[in-house]
Amino acid sequence: MSRTTSPTTPASASASASGDLADAVAATSWEDLVTSALLGTDRRPPGGASGAGPDGAASALLDAAALHTVRRRAGLLPAAASPRPAPAPDDPRPPLPEAARGRLAQLLADRAAAGGSGGRRGTAPDLTELIPQWLATANLHGYRAPDSALPALLDAARARTDLRPQALEFAGPRGLWLAGLNPEWKFALRGASGSGLLPSLTDPEAVRRLWEEGLFAERVALLGAVRARDAEAARALLATTWRTERAEDRLMFVDSLRTGLSCADEEFLEQALADRSRNVRATAAELLSALPGSALARRMADRALSCVSPGLTGDKPFVAVEAPHECDAEMQRDGVVALPPSGRGERSWWLGQLVEASPLSVWPARFGGRGAEEIVAMPVADGWGEELHAAWCRAAVRQNDEAWARALLGPPSTPPSNGPGTASLAERAKLLAVLPPAERAGWVADFVAAHGLSEAFQLLGVCPVPWAEPLGRSVVDALDIARDAGSYPWSFSGVMGLAERCLTPAEATRLEVLTTTPAEPADASPGANGYWSEAFQRLVSTLRLRATMDSELSPPPEDG
Amino acid sequence: MLLTDGGEPLGAAAPAARWTVEQVLALAPDDASRKAGNKLGASASWSDTGLDGTGAVWGLCKGSGSKPYRTVVDTTGPAYRCSCPSRKFPCKHALGLLLLRAADGTAVPAGSPPDWAEEWLAGRRDRAEAKARPAAGGDGPADPVAARKRAERRAERIGGGARELEQRLTDLLRGGLASVEQAGYGLWEETAARMVDAQAPGLAGRVRELGSVAASGPGWPVRLLEECALLHLLDTAWLGLDRLPQPLAATVRTRVGLPAPAEGPPVRDRWLVLAQYDTPEGKIVTRRIWLYGGESGRTALLLSFGAAGRSPGHALPVGVTIDAELTPHPGSGRLRAELGERFGVPEPAGTPPPGVPVGEAITAYGRALGDDPWLESWPVTLRDVIPVPGVDGWQLVDAQGREALPVTAAALSRPALWKLVAVSGGGPLTVFGECGHRGFDPLAAWPAVAPRAGLAGVETVPLI
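About the thresholds
- Residues numbered from 1 in each chain as written.
- Chains lettered and ligands numbered in written order.
- Predicted model: local features only at pLDDT ≥ 70, side-chain atom pairs only at ≥ 80, totals over all residues.
- Heavy atoms only, no water.
- Helix = DSSP H or I, 4+ residues; strand = E, 2+ residues; numbered from the N terminus.
- Buried < 20%, exposed > 50% of the residue type's maximum accessible area, 1.4 Å probe, protein only.
- Axes fitted to C-alpha atoms, helices over the stretch in contact; angles between N-to-C directions.
- Left-handed = near helix turned anticlockwise from the far one by under 90°.
- Contact = heavy atoms within 4.5 Å.
- Nonpolar A, V, L, I, M, F, W, Y, C, P; charged D, E, K, R; others polar.
- UniProt positions renumbered as here; feature names shortened; annotations may be inferred.
- Buried area = accessible area lost by both parts, 1.4 Å probe.
- Salt bridge = Lys/Arg side-chain N within 4 Å of Asp/Glu carboxyl O.
- Polar contact = N/O pair within 3.5 Å; in protein donor to acceptor, adjacent residues only side chain to side chain.
- Pairing = 2+ DSSP bridges.

This part is about unusual backbone geometry. Following V465 of chain A, the chain continues into P466 of chain A via a peptide bond in cis, with omega recorded as -5°. Summarising the element assignment, P466 of chain A is placed in the loop between α24 (457-461) and α25 (469-484). For Q199 of chain B, which is not a glycine, the phi torsion comes out positive at approximately 60°. We classify Q199 of chain B as partly exposed; its relative accessible area is 30%.

Take a look at the structure:
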């Protein structure tokens, strides 16, 4: 607010001192009064009022200052207006139903509230864990986020990257608009699909202008959108500026080809193999190797085939491995990293990369027409088995090859340590993700039935939600068995938390029976039964709450 | 059906207001109970819940013990009763019960209260009636002569304090403010203690404030001179109290710290709760609740205080409308009021104040200074303003983009302020707040859109 000097009569007049001195001081400018006040009226009397006695001058100064202060405050004027932000874009999505609005406020409030009970105890649902599902369902129905909830949503998305895509989709164009005004929410502009900011894709001039002048996030979004519509046009657009892009931008652009990757991208990627930036080269090589028909995949296959061959001695078939002896410039150009991480031999490091980048389709021909399962089952000579199988696992994931993933996983009843492909649960989870959803759930259900829950956590994480019936039953049975075995529920807190989020709400009724506290077996851990009953109560109440949340989000029936 | 003393059935016709989740959460005394209550609001721990037309809600909540807690809330108060041992107020069970009702319209069915709830509710009604009945012995003190003598003695002590303070201020100005920067808080603390001895808490509070001004960064000499001058103005006003016109004298008495009882005819209106916020001041918490009466056009302030660890007495959910009588206190523009009798149950929404343009808001503050030169700010509602966040501060700009009010620095630290921008979406809205010489402190906003279906008024968005 600006100050004005226009005189206003302050009410303070009633309390002012009287006489010539006061008049003289009152006429003094504010700056003079401040100087006198700072230095002291003994040293610098205000308004030249030196003759009025020491206290008189100070008192007159205070009188005058009071007059000035009230006058200044009473005479304030509006400030000049700053430029206003452009209005937020329209969001045509329908608003949330009333009950769901309340629920969202509750979920976000729980996230914001600090402290409280941190651990997984008690019978009440953990609301924070339910936010992702709530957001997913709200987005499924295509609701618009309430305006006043946008700041809390953006804060939630900032704190938890796992929430980001769903929270930003829900926040919509107005959320993105808001994020543009607050530097703390910059991440939203980076990560957003940005569809609200894009010009019409049928307007080549607008597309070209945004591509040349837009912010990085806008350009990434633009490239993605153009590519989804016309891949050729997207590559052409990229080619116009490719040489002048910064290395980290080139990396993002190359990486964006991952979506909808096809043979048509090969030429561009081949060129990128000669890029100045190592990261760009590596990403281009990775993408090319995921194209089984590409020249790079063929080159890698040639190299790999020269290393891995059917064994020629003895009467039983086996796999013979002769790891590469060097990593030449050509290999490096094709993305093979020459220097192994510490602790790994360089020859096995190179071998792994060659096999990983080779199309899996080359192996049946190499091994006399055997299928993936048979090849995986063959013994491998000289202790190369682990290295080779691990590389095949990575290739199956990269090439999204169901047959090989199935073969490398083996039957779910086989203990992980004896499995054909890999003992690593993380790798197995990745292989599982390649299988069709129903098969995935079925495999994990059988795995849990055979081996219990202690190793199932990561595998459960890749199963589609809500869990299919056999998987849900398998997990509940396993929890029940764990309880009967007398252990404490927090040994299974991870799985229990997953179950709360992933079991279908329809299971609630069936689970009710487990919430009772039966008599404790003699060998049980003390008090375990009570804790189990508490954990099952929380499971049931969470499932019930999820059912309520879903019903709150279902659109109201149309009025006639 | 129990009757109020007016013979009017308590909210028999009107459905009890269902508070929103935000409104309930705002009642929580702290974050921990907010979180704990939140959990209970979504859980199956509740049984035998119910509500009736008078605004009572009750239920049994399963705790860790064998007996469930009995929780009952009178939403007209709001007042709470729970058999749990918590010393928080309201406790997590009361919050959970209200949240259960807020989040799910069908979770709490209508019914009549069980005995244990009815007992407490009836007791409340009886006390309310007793309070509303005029006291048998009249309002005056038992011994008016003694009371007048006490008041005179206190006025004399305050006068002594004011003279002493005057002396200290003139000493300070003679020596110069430059010496203060090194002196620190000790100087002011001692003077403030002298003012407490002189029974002038208003003076003591202002003196204590001076201590923080000297440490408040660039420009402190100007602010310190302003505050010293206003304090001097208050001293001299007190010392010349009998020469002041009546309303100004009342303001001076209030500013010095003499309690002035609410007086005059009560104003009955349908009051919209605009804002509620707490400020810690030393060992006590001051709660301010702003109300706006749609019919009288008055804005009123309810003040209540809570000692350490206890919530202040009043709690009203922002955005509801209550039908009640308010009795104003004299002085300071008669903003401060006491909540008197309440009628019926709160309604969930209301109509915001009509609002004024930016220029008029500043003028309103300037005019109010005429009645009370010590005013820091004045409650105003701005019409059609657009919030403009900026690196160097925020503004509220009028819809034509001509005039602006800066937002106070104090408000900028509040995360809820971003709701203002979110709700505006770059368009004009109505904003209530405190307008003063430091700028505008936004406390509530109303979007420009039509009210949502099913609600009587426009939804109030709290900004604090």
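Additional details are given in the paragraphs that follow.
Residue and element names in this part refer to chain B. Contact geometry of helix α5 (residues 144-175) with helix α9 (residues 220-239) gives a least axis separation of 9 Å together with a crossing angle of 145°. Crossing angle aside, the handedness with which α5 passes α9 is left-handed. Contact with α5, carried on its side by A155, I158, G159, A162, R163, L165, E166, L169, L172 and L173, involves L225, C228, L231, H232, D235, T236, W238 and L239 of α9 and no other residues of that element. Classifying every residue of the contact of α5 with α9 gives twelve nonpolar, three polar and three charged.

On the UniProt side, "domain: SWIM-type" (unreviewed entry) is annotated at positions that read residues 69-102 of chain B here. Its end C-alpha atoms 20 Å apart, residues 69-102 of chain B is made of 32% helix and 29% strand.

A separate point is the interface of chain B and chain A. Contact residues are listed per partner, giving 77 residues for chain B and 74 residues for chain A. For the pairing of chain B and chain A, the buried interface totals around 6,200 Å² over both sides, and the portion due to carbon and sulfur atoms is 63%. The tally of links between chain B and chain A comes to six salt bridges. Among the salt bridges present, the one from R73 of chain A reaches E227 of chain B, with a minimum N-O distance of 3.4 Å. At the boundary of chain B and chain A, one finds 22 residue pairs in polar contact (both at pLDDT 80 or more). Looking at side-chain class alone, the side of chain B that touches chain A contains 40 nonpolar, 22 polar and 15 charged residues. As paired elements, strand β1 (residues 79-80) of chain A and strand β12 (residues 403-406) of chain B share two bridges and run antiparallel to each other. Each residue of the ladder has a partner; that of A79 of chain A, found in β12 of chain B, is A404 of chain B.

What follows covers the pairing of strand β13 (residues 429-436) of chain B. All names here are of chain B. With eight of its eight residues buried, β13 lies for the most part within the structure. Two elements, strand β10 (residues 377-388) and β13, share seven bridges in a ladder whose sense is antiparallel. Across the sheet, residue V385 finds its bridge partner in β13, namely L429. Both β13 and strand β14 (residues 439-446) contribute to a ladder of seven bridges, which runs antiparallel. Residue E434 lies in a different strand from β14, and its bridge partner there is D441. Hairpin connection from β13 to β14: two residues lie between these consecutive antiparallel strands.

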